[in-house]
Amino acid sequence: MERAVARIDYEAVRANCARLKAELGEAELCAVVKADGYGHGADGCAAAALDGGATRLAVATASEAEQIGRRFQHVPLLTMGALTAEEVDAVISAGSELALWREDFRRLVAGRARAHGHSARVHVKFDSGMGRLGNPDPREVLELARACAADPDLELAGIWTHFATADELDSAYFDEQLDRFEEVAAAVKADHPQLLVHAANSAAVLRDRGSHYDMARCGVALYGLDPFQRDPAEQGLVPALALCSHVADVKRFPAGTSAGYGRKWKAPVDTWVGVVPLGYGDGVRRALSNNADVLVNGERRPLVGTVSMDNITIDLGPETGVRPGDEAVLIGRQGEEQILAEEVAARLETINYEVTCAISARVPRRPV
Ligand SMILES: Cc1ncc(COP(=O)(O)O)c(C=O)c1O
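Residues numbered from 1 in each chain as written. Predicted model: local features only at pLDDT ≥ 70, side-chain atom pairs only at ≥ 80, totals over all residues. Heavy atoms only, no water.

Engineer: Describe in detail the site of the ligand, supporting the description with residues and values.
Structural biologist: Near the ligand you find 14 residues, and of these Lys 34, Tyr 38, Ser 202, Val 220 and Tyr 353 are the closest. Within the side chain of Tyr 353, one N or O atom sits 2.6 Å away from an oxygen atom of the ligand. In the complex, 92% of the free accessible area of the ligand, which totals 400 Å², lies under the protein chains. Taken together, the elements giving at least two residues each to the shell around the ligand come down to helix 2 (34–38) and strand 9 (215–218). (Near = heavy atom within 4 Å. Polar contact = N/O pair within 3.5 Å; in protein donor to acceptor, adjacent residues only side chain to side chain. Areas by Shrake-Rupley, 256 points an atom, 1.4 Å probe, with all protein chains shown as cover. Helix = DSSP H or I, 4+ residues; strand = E, 2+ residues; numbered from the N terminus.)

Below, the structure is given as structure tokens:
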């Protein structure tokens, strides 16, 4: 028994990749394992994703590139984020491909690649409407691509973009972005037929085959999280993470007894309360105070009182068979009951991505 543990089902990751790959056909699947695999553990999930049909990996930061590059030396890796000059060195040393969208940064990367003694593979990013990283000017993107292709220290590996509203199924903006990208990608590909065109994230893969191009960069769906914030089963996805703890103590609470900081809950009637030893120090957000369920012995028990750093309390009712040592599930399945990350996200008015990313390093990730 462990105080708190995130159980990771690699078979689910493999199955989710196979599901995405079936959608993608010939297009490659790039498994996005940034932020420690969305909180699921990057190394294990990357290996499972590669088993499930992914042929490439992507991360956001230089330190993630170092970690993944070391472990998966022969798998093409893309670092998608903005990098400082020092980080460019680290990313090149890690053998990762880089994103660029400005001429001064292109020169910097070329110079660093020369110093390393080998060319750097680069993906030119077009900002088709995300309004974040990328160059929004189609003409400059074409020029950048040409400059990369002509530079002996660079290898033009890709032209890409990212969608702002792929997860909003009624959004016409998605189609607008796709149209804008289509034009730029076609022009760049005409000049450089060998490069990879890529745009789709998980939501785009599932909603529109026209967005697949040569490769899709999928994160959330790999982990069995629904990009549309509904039940992942609707998309044939299997959740890969369960957040589990145990009941450390069971206490009699006469009516009026309060649980936790600030006395935000008082027993309305005589009841039993279970203490579960994990809290916001583990990534169980304080906003779940009086606002979540926990599964014990296959039944939902309301989280009562304030989430503290290391403990939560749950109402077990006036009669209970729950004993210290019984398993407590905050995310995952127990018997017939299931709590999805999507449910927790809805209670927090956020998205499933944030729920699993928030599970802290204090919680060990263990394979099922
Ligand atoms: C640039 C980029 N591409 C792809 C992804 C993967 O998106 P998703 O997890 O929605 O599949 C992300 C994730 O945020 C991203 O930032």
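Engineer: Which residues make up the state of the cysteines, and what are the values?
Structural biologist: Inspection of the entire model under this criterion finds zero disulfides. There is no disulfide at Cys 45, and the cysteine sulfur nearest it, in Cys 17, is 9.2 Å away. Of all cysteine sulfurs, the one in Cys 30 lies closest to Cys 148, which takes part in no disulfide; the gap is 19 Å. Note on Cys 148: relative accessible area 0%, which makes it buried. (Disulfide = S-S within 2.5 Å. Buried < 20%, exposed > 50% of the residue type's maximum accessible area, 1.4 Å probe, protein only.)

Engineer: Break down the packing of aromatic side chains for me, with residues and values.
Structural biologist: Counted by the stated rule, this structure contains five aromatic pairs. Ring pairing ties together the aromatic residues Tyr 38, Tyr 223 and Tyr 353, which thus form one cluster. A cation sits over an aromatic face here: Lys 125 above Trp 160, 4.1 Å from the ring centre. A cation over a ring is seen here: Arg 207 above Phe 174, with NZ or CZ 4.0 Å from the ring centre. (Phe/Tyr/Trp six-rings, centres within 6.5 Å; stacked < 30°, edge-to-face > 60°. Lys NZ or Arg CZ within 6 Å of the ring centre and 35° of its normal.)

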